[in-house]
Amino acid sequence: MKRNASNAYSTNGLVQMESWIDPVTDRLLNKLHREAGEPIDVSNVLKDYAMDAVFAVTFGRDFNYIEKGDVLKMYGILETVADYMAIFGQIPWIHKFLLGQPFIASFILGGGSDKEMMQLAMSQVESAKQNTSESGPLTFLQRLLLNQTKDPSSINDREIMTHAFGNISAGSDTTAIALRSILYHILKDRRVYDKLYDEFRDLETPVQFSDVNKLPYFAAVIQEALRLHPSVGMMLARIVPAGGAELCGFYLAEGTEVGINPWVLHRNLEVFPDPDSFRPERWLSSETSDDQRTLMNRSFFTFGHGAHTCSGRWISLMEMKKVIPSLMLRFEMTLGVENRASRPLSRT
């Protein structure tokens, strides 16, 4: 990915993008309030929320997945593409025999759904070109276009469209998976639930990212939930640079492809003692030495690491940090397996 795409996520830009997410969060809370008292399939609700949020941040509009469901018929193709990428990402040479063939691509992807999504991205790009003012909150797409205006050689129209569409395809399901993991582990452990609620208690609503981003225990909860259940469960490969490298006592020649599955890395006993336990405190300075936390952070691979860290991680984290406290401040929730439903919160 070119530098321009990740630059769209600067700190100031992230704060500006927050205003695009607030209406989506309000819509989610209103929907859940209407349905409170009955069991809710929150996994699908969070998936719809993540889709609307990433559309809003990217294009400045969403398609109300929260109320209407999969109106663009994207879920099926995104799941197919995700499964496909998990395969050809490890065996890239097979691509030319599968989706590299137009007939096979049409058969696998459902006869044109991919073209419809690309046409959607193109229409949004053309619309955004009509508004390239730097005043007011800017969408991800508008920031890319501003970069192009300042330096036309840095990024072309096709790359802009690819980045914009990639934002949607890569930033919706992965964020939903992360939200499910966070909420599941919070609800599974009442001690964590109560401690987290105490940290949220003084937040004002609507929850602002600048406030919630200062909360250490919440940050630890997110880190631990994403350690146990990373959104991407496949090897994230790298290429050994010129001159080769020595890893864990083994010499690897330059050009060698090497990687590790985050699920495996996050369960390394030497880095994460008692690795299968959900214990947010392991990330706090009061519980763990600075050296150990440095080692854990270096081994935290949910968003990748180094130069190829996921450029959308900050938008994803902003969504997580806004919606989880919003849910906990508005509702008291329990896992459905306990045969109890969420209900409006009535704490003093």
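Residues numbered from 1 in each chain as written. Predicted model: local features only at pLDDT ≥ 70, side-chain atom pairs only at ≥ 80, totals over all residues. Heavy atoms only, no water.

Chemist: Quick question: what am I supposed to make of helix H3 (residues 42-59) here?
Modeler: For an α-helix, 3.6 residues make a turn, and residues three or four places apart therefore share a direction. Taking 1.5 Å of rise per residue, the 18 residues of H3 would be expected to cover 26 Å, and the 25 Å separating its terminal C-alpha atoms lies within 8% of that figure. Taking burial as the measure, the 18 residues of H3 include 15 buried ones, the bulk of the element. A positive phi of about 85 degrees marks Gly 60, the residue just after H3. (Helix = DSSP H or I, 4+ residues; strand = E, 2+ residues; numbered from the N terminus. Expected span 1.5 Å × (residues − 1). Buried < 20%, exposed > 50% of the residue type's maximum accessible area, 1.4 Å probe, protein only.)

Chemist: Where do I start with the packing of aromatic side chains in this structure?
Modeler: The description of two aromatic rings rests on the distance between their centres and on the angle between their planes. Summed over all chains, the structure comprises 7 aromatic pairs. Summarising the aromatic geometry, the rings of Trp 93 and Phe 97 are spaced 6.4 Å apart at their centres and angled 80 degrees between planes, so their arrangement reads as edge-to-face. Residue Phe 97 is classed as partly exposed on the basis of its relative accessible area, which comes to 48%. Every member of this aromatic cluster is reached through a ring pair, and the members are Phe 55, Phe 59 and Phe 63. In this structure, Arg 190 packs its charged tip against the face of Tyr 193, placed 4.3 Å from the ring centre. The ring of Trp 314 has Arg 313 lying over it, and the distance from NZ or CZ to the ring centre is 4.7 Å. (Phe/Tyr/Trp six-rings, centres within 6.5 Å; stacked < 30°, edge-to-face > 60°. Lys NZ or Arg CZ within 6 Å of the ring centre and 35° of its normal.)

Chemist: What exactly am I supposed to notice about the packing of H3 against helix H5 (residues 75-88) here?
Modeler: Helix packing geometry: the angle between the two helix axes and the distance between the axes. In the contact formed by H3 and H5, the axes pass within 13 Å of each other and the chain directions differ by 90 degrees. Between H3 and H5, the crossing angle belongs to the class labelled roughly perpendicular. For the pair H3 and H5, the contacting residues are Lys 47, Asp 48 and Met 51 in the first and Tyr 75, Leu 78 and Glu 79 in the second. Across the contact of H3 with H5, the residue classes tally to 3 nonpolar, no polar and 3 charged. (Axes fitted to C-alpha atoms, helices over the stretch in contact; angles between N-to-C directions. Parallel < 35°, antiparallel > 145°, perpendicular 65-115°, else oblique. Contact = heavy atoms within 4.5 Å. Nonpolar A, V, L, I, M, F, W, Y, C, P; charged D, E, K, R; others polar.)

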